[in-house]
Structures are given as C-alpha cells and as structure tokens.
Amino acid sequence: MTEAQGEVFDLGYQHYDGPREGRSRARRAIFENGVRTVLGLGRGPRAKILPTALFIAAMIPALVLVIIASLAEPLASFLPGPADYYQVVFMILLLFSAIMAPELLCADRRDNVIHLYLVRPLTPTDYVVGRYLAFFAIVLAIVYSGQLVLQVGLVLSADNPLTYLRDSWSTILRILAAGVVIAAFIAVIPLAVAAFTTRRAYAAAFVIGLFLTSTAAAAALTAPDFVCEEIEVDGRIVHTECRPSGEGALTGEAAKWFTLIALGEIPLRVNDLIFDRENDSEIARAAADLPDALLVGWYLLFTAGPGALLWWRYQRIRI
Amino acid sequence: MPPLIEAHDLSKHYGSTIALDAVNFEVHEGVTGLLGPNGAGKSTAIKLFLGLIRPTSGSAEVLGKRPYDSVESRSRLGYMPETETVPSNMNASEFLMHMAQLSGLPPAHARTRAADILRHVGLDEERYRLIGEYSTGMKQRVKLAQSLVHDPVLVLLDEPTAGLDPGGREEMLELIRRTAHSFGISMLLSTHLMGDIERTADRVILLENGRVSEEGALSEFTQETEDLLIEVDDREGVARALSGRGVRVIEEPQQLVVQNATDADYDAIRDAVADVGARLRRLTPRRHTLTEMFRRREE
C-alpha cells in the first residue's frame, strides 16, 4: 500500500504584493497592445492575414528592384533607387495605414473598452500618444524593411560592396530621415479620421478617398495643355513634337499653389528635398518653384494638424 | 482605519442642473450601497471618485487622495461600469493581462493575476475563448474580473446586475458578496435595485435629487420586527393547527407570518408543528426591507 505523496490545498484568494509600476507601465501597455493589435497577435488567424499581406506587398517592389539589378547589371542605373523607393511604395503604405490604423482606435470605442482605459492610471493624452507611437513604429519598420532589402541587394550586387557602402553612407542617413518623414505623416491622418467613427471600413474608405481625390484634383488643376506639331520631311510625317502651351486648367503662378492640395504629394516633396532629387511627375514639376521652407512647413502643418485634432477628440471623450 | 472615500460638501452642477448638492458622507471598509433612483446623482458621484470630472465645489478624497488631481490614485481602484465594455475580438486571458498592465503590473505578474482572477470568477475553462462568444452573464463576470485583476483596495460597481436574468443576477450578487467578504476587497455598489443592496451591502447611502437623504448600517434600515416568519414543509397543516390554537396566521407564498408574536405564540408554533409532524425549516423574526422603508418615506 502506498502512502499519499502530497496534499492539495485551496489557497483561496491571494492578495498581490508584487511591484506596481503605475503610469509608466500603463503607457507601455498601450503601446505594446497597439503593436499586437495591428499585427493581429493574440487574436485569431484571420486577424493576421491582412497585416501580413500588406507587409509582403510593401516588400515586393524592393525585392523586384534587387532581383533586376542583380540579374541585369547594366539596367541598375535606370532602376529606381533609395530616393525613389518611398514614392514607389507610397500607395501600398497608404492602403496599409488606411486599413490598419482605424483598428487601433475604432474597436476600443465601439466596444466601450476606452471606458476601462480611462479609469486606470492613464490620461487620454497617454492613450492617444501610445496608440500613435505604436502605429508609427510599425509603419517605420515597414518602410525601413523595404529600404534595407534594397540596400542589401545593391551592396551585394556592387562590384566592390565595401566601396559602395563607404560611398553611400550619406544616402543611408537620408533613408533614415525620409523614413521618419513618411511614417509620421502616413500614420497620423488615418488615426485622426478613425477618432471620429467607430466603423473601421468608413475610416479606411474616407482616408483612401481623401488621398485619391486630392491628388486627382491637383493633377487636373495643374496639368498643362500641350501643343503638338507634326514635322514633315519630304511630305511625310516623320515626327510629332509636343510642348506645353503655357495654358491649362490653371496657369502660371496659380498652378504651383494648387499642387499643395495633393495630400499624397506632401511627404514625397519633403523626401525629394532630403535626397536632393528631381521629381519628374507633373505635380512635382508644377510645384518646383515653391520655396523649400514652404514645402516643409506645409508638411509639418499636415502632420501636426491631424495630430492635434486626434488629441482634441480624445480630450472630449466622456464616460 | 481612515475612510476609503470622503465627500465634503461635494457639489457638481451641469449648467443649471444640480447633479450633486453639497453632499457629505464617508465610505468605509466592507460593502457600501449607493442607492437611489435614476438621476439621483449616483453616476456623477462615481465619476467624481474616479477623477473623471472635477467638482463644482467641495472635495472628494479617495484612498486619501483627490482623484481628479492625479491619475496615479487609480492604481488601487477598480471600476465595473454598467455598460458592456469588453472587447469582442480578444480572449479573456489576454484582455485581463492587458488590464492588469494598464493598472501598473509588470507582464509576468499580470499573467499570473489574470489566471487567478479568471479562476475566482469561474471563467477558468473559458479563458482562451473570444469574449464575443460569451453569454451576457459571462461578459458581466469578465467586467468584474477586470476590476479586480490588479488587487484594488476599493472597487466601484455601477449597476452590476443590469441586463442579467434572475439566475445570472443571483450568481453576480453571490460573486460580489464573496469577493467582498472572502477577499477583503471593499466595494461601493451603485444601484437603483434595493434587492441588490439587501443581498450584499453592510452600509447604505441613499441619494435623492443629488442629496443624501438617509445613511447608515443596513441593519438599521432592516431592523427586526415583532413578526415571526415560519417556513415548514406542510404550510397548510401548520396554518390550520395554529388557527385552532387561536393564533392569527397569514399565509404567504413561501412562508407563514405571525404578526406581533408573543411568548405564548412561540409555544403554540412549537406545539402545532409537532402535532402536524411537519418539518420546521426556519423560524425567525421578520426584518424590514428597504422597499418598506421607501414605501414609508413616500407615505
């Protein structure tokens, strides 16, 4: 006969006497939960599909460029480089932000969980800043990942990787700065929109519509009309030459100001300034005469403005 | 032991509407019921104690601090709101861990506390299911669990049985009573349901039109009467036997009542039960109910 080896005790309720880290821990929790929410961690498999698909979509342009550069070296100088990369992936980043950012705010208000957040050692400002930083960090990771893939590919396909690296250190600094510019801008507008609806789909549709219509309107207003002339040699048309007529929907001084309404172009103009890049898009050419300080100021306005709107909205949430 | 909550001439006005009008009261350890009809000022008082709004005049101190001066005072405070406030797309374990961290607990401790509290509210087996798939009663238990997960000193409960069916209400009241008396966590229970207060509270604060109209220990409001309650298995037989002995008895659905009972009535009841051969389940003086108190106030 064997004797009992142990006993089971019901310890009942145990009070907590461990560390309490107060508001700083609460702020970190908002940030970490924000990251997990966007990536679908701790949720079902369906929650992971969209962020994964959009992340892969953001990586594809960099991979394609690297593959082309490594297989057809003579083409490398004609391919978009680090300075062009953010323009290439901007639409994908916009889709990612428009779809994923509202999930950070809409669900908390739709399920009233925000009521539980704001009765803890946390202010509405802590909440909004934590959520913004979480999304900013994710967008920044995506834009840097693409540039990292591109840089690694370019370094490895260079004749002398070390020389290439030494010669391009300033490009790396520009990549880092431009990444922050793009991520800060593209993270804040969808969050500001999401602060005014509990429906993620409405916020996403509004953001995408806002960017597309503003860019289309700017392009339509500033696109120049062209005059084309057929050049004949011996009675045969050998060439058709087109040039701006100097007239369009808007001409002269007015046109360049209307380029500012293109929301999607705002961070890309700052990207061009950082890389000292000449952009040959129609809107960029029309905006070429605008002072650099104005472009930077306009960018800051459209980043800080939605940020302030987001902050203001959460100061007014009542439980 | 200092009071957990102190309200000093506490007033809150919304424009020309006076939600709280210079109220003074204290909340001590145990369960305190904040009772009153809709619009009495209960929710305003709770918001003031949570530091969500500032008083128009007067002051409130919760756990020795003014809650509207610093959010840090909420670290030892729990709150269970009336509305449904749980995320549909998270499981209970993940949600409670997050709530514990929001109250300042490090992740490893938050995980342990979440598991402990889910076991205490009876959701241990269901902790990895999405909360959106829970019944109303289970969601209500998650709400209570999130208010306890950081081991608060005081929990503010706002209409904790709202929307529950009778069975769910019984379970929730039992859970509240057990939490308060076995776990030693004090509670301020705001409700318009007198039954909830009678079942759980030690003290009552009655709010009407933004003022405290009554305050005291529950036993003061529910003092014993001269009436005797008798619960037996053969109610009709015992009633007949008592009537035969000249005792005036009232038959109620679950019990017999002898009004203004004398010592002789006690003897008659003993003999009647013995003669009929009935089983005596309960013989106790009847207590006033809060409902009767309200009825008397209205008269």
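**A closer look at the environment of B:Asp227**
Residues and elements named next belong to chain B.
- When you line up the elements, Asp227 lands in strand S10 (residues 224–232).
- A relative accessible area of 14% means that Asp227 is categorised as buried.
- Counting along the chain gives 57 residues from Asp227 to Thr284, while the straight-line C-alpha distance between them is 8.6 Å.
- The contact partners of Asp227, leaving out residues within four places of it in the chain, are Val257, Val258, Gln259, Asn260, Thr284, Pro285 and Arg286.
- Engagement of the side chain of Asp227 in a polar contact is seen with the backbone nitrogen of Asn260, the distance being 3.0 Å.

**Focus on the environment of A:Glu265**
Residue and element names in this part refer to chain A.
- Relative to the assigned elements, Glu265 resides in helix H10 (residues 265–275).
- When the C-alpha atoms of Glu265 and Leu148 are compared, they prove to be 23 Å apart, with 117 residues separating the residues in sequence.
- What Glu265 contacts, discounting residues up to four positions off in sequence, is Ser281 and Ile283.
- At 2.3 Å, the side chain of Glu265 and the side chain of Arg269 are in polar contact.

**Notes on the interface of chain A and chain B**
- Of the residues lining the interface, 35 residues belong to chain A; the matching set on chain B comes to 41 residues.
- Carbon and sulfur atoms make up 54% of the area that chain A and chain B hide from each other, which totals about 3,400 Å².
- The largest per-residue losses of area from chain A upon contact with chain B belong to A:Tyr13, A:Arg20 and A:Arg120, which jointly make up 22% of the total buried on that side.
- Viewed at the interface, chain B and chain A are joined by one salt bridge.

**Brief notes about the sheet that holds strand S4 (residues 57–62) of chain B**
All names here are of chain B.
- Spatially, the three strands line up as an open sheet ordered S2-S1-S4, and their pairing is antiparallel. One side of each edge strand has no neighbouring strand; the edge strands of this open sheet are strand S2 (17–27) and S4. Neighbouring strand axes in the sheet, compared pairwise and without regard to direction, differ in orientation by 25° on average.
- Packing of helix H1 (residues 42–50) onto the sheet brings it into contact with strand S1 (5–14), S2 and S4, and relative to S1 it is tilted by some 115°.

**Side note on the domain arrangement of chain B**
- Under the domain assignment used here, chain B contains domain 1 (5–220) and domain 2 (224–298).
- Placing a centre on the C-alpha atoms of domain 1 of chain B and another on those of domain 2 of chain B gives a separation of 38 Å.

**Concerning the nonpolar core**
- Counting residues in each nonpolar core, the largest one holds 146 residues, and the members touching the most others are A:Phe135, B:Phe49 and B:Phe95.
- Ranked by residue count, the leading element in this core is helix H7 (residues 169–194) of chain A, at 15 residues.
- Contacts of B:Phe49, omitting those with residues within four sequence positions, involve B:Ile5, B:Leu10, B:Phe25, B:Ala60, B:Val62, B:Pro67, B:Leu77, B:Leu156 and B:Leu188.
- B:Ile230, B:Val232, B:Val238 and B:Ala278 belong to the second largest nonpolar core, which has 17 residues in total.

**Quick word on the packing of helix H5 (residues 124–157) of chain A against helix H12 (residues 292–315) of chain A**
Residues and elements named next belong to chain A.
- Here H5 crosses H12 at 140°, and the two axes come no closer than 9 Å. As summarised for this structure, H5 and H12 are arranged oblique, according to the angle between their axes. As H5 runs across H12, the sense of the crossing is right-handed. On H12, the residues that touch Pro124, Thr125, Tyr127 and Val128 of H5 are Leu310, Trp311, Tyr314 and Gln315.
- Across the contact of H5 with H12, the residue classes break down as six nonpolar, two polar and no charged.

**Here we look at the sheet that holds strand S8 (residues 203–208) of chain B**
Residues and elements named next belong to chain B.
- Taken in spatial order, the six strands line up as S5-S6-S7-S3-S8-S9 in an open sheet, and their pairing is mixed. Of all strands in the sheet, those with a lone pairing partner are strand S5 (77–80) and strand S9 (211–217), marking the two edges. Geometrically, the sheet is characterised by an average inter-axis angle of 15° between neighbouring strands, direction not taken into account.
- Pairing of S5 with strand S6 (residues 154–158), which is carried by four bridges, proceeds in the parallel orientation. When the sheet's bridge partners are listed, Leu77 is paired in S6 with Leu154.
- Relative to the sheet, H1 contacts strand S3 (31–35), S5, S6, strand S7 (186–191) and S8, its axis offset from that of S6 by approximately 150°.

Cut-offs applied
- Residues numbered from 1 in each chain as written.
- Chains lettered and ligands numbered in written order.
- Predicted model: local features only at pLDDT ≥ 70, side-chain atom pairs only at ≥ 80, totals over all residues.
- Heavy atoms only, no water.
- Helix = DSSP H or I, 4+ residues; strand = E, 2+ residues; numbered from the N terminus.
- Buried < 20%, exposed > 50% of the residue type's maximum accessible area, 1.4 Å probe, protein only.
- Contact = heavy atoms within 4.5 Å.
- Polar contact = N/O pair within 3.5 Å; in protein donor to acceptor, adjacent residues only side chain to side chain.
- Buried area = accessible area lost by both parts, 1.4 Å probe.
- Salt bridge = Lys/Arg side-chain N within 4 Å of Asp/Glu carboxyl O.
- Pairing = 2+ DSSP bridges.
- Axes fitted to C-alpha atoms, helices over the stretch in contact; angles between N-to-C directions.
- Domains from an automatic or database assignment.
- Core = buried A, V, L, I, M, F, W, Y, C linked by side-chain atoms within 4.5 Å.
- Parallel < 35°, antiparallel > 145°, perpendicular 65-115°, else oblique.
- Left-handed = near helix turned anticlockwise from the far one by under 90°.
- Nonpolar A, V, L, I, M, F, W, Y, C, P; charged D, E, K, R; others polar.

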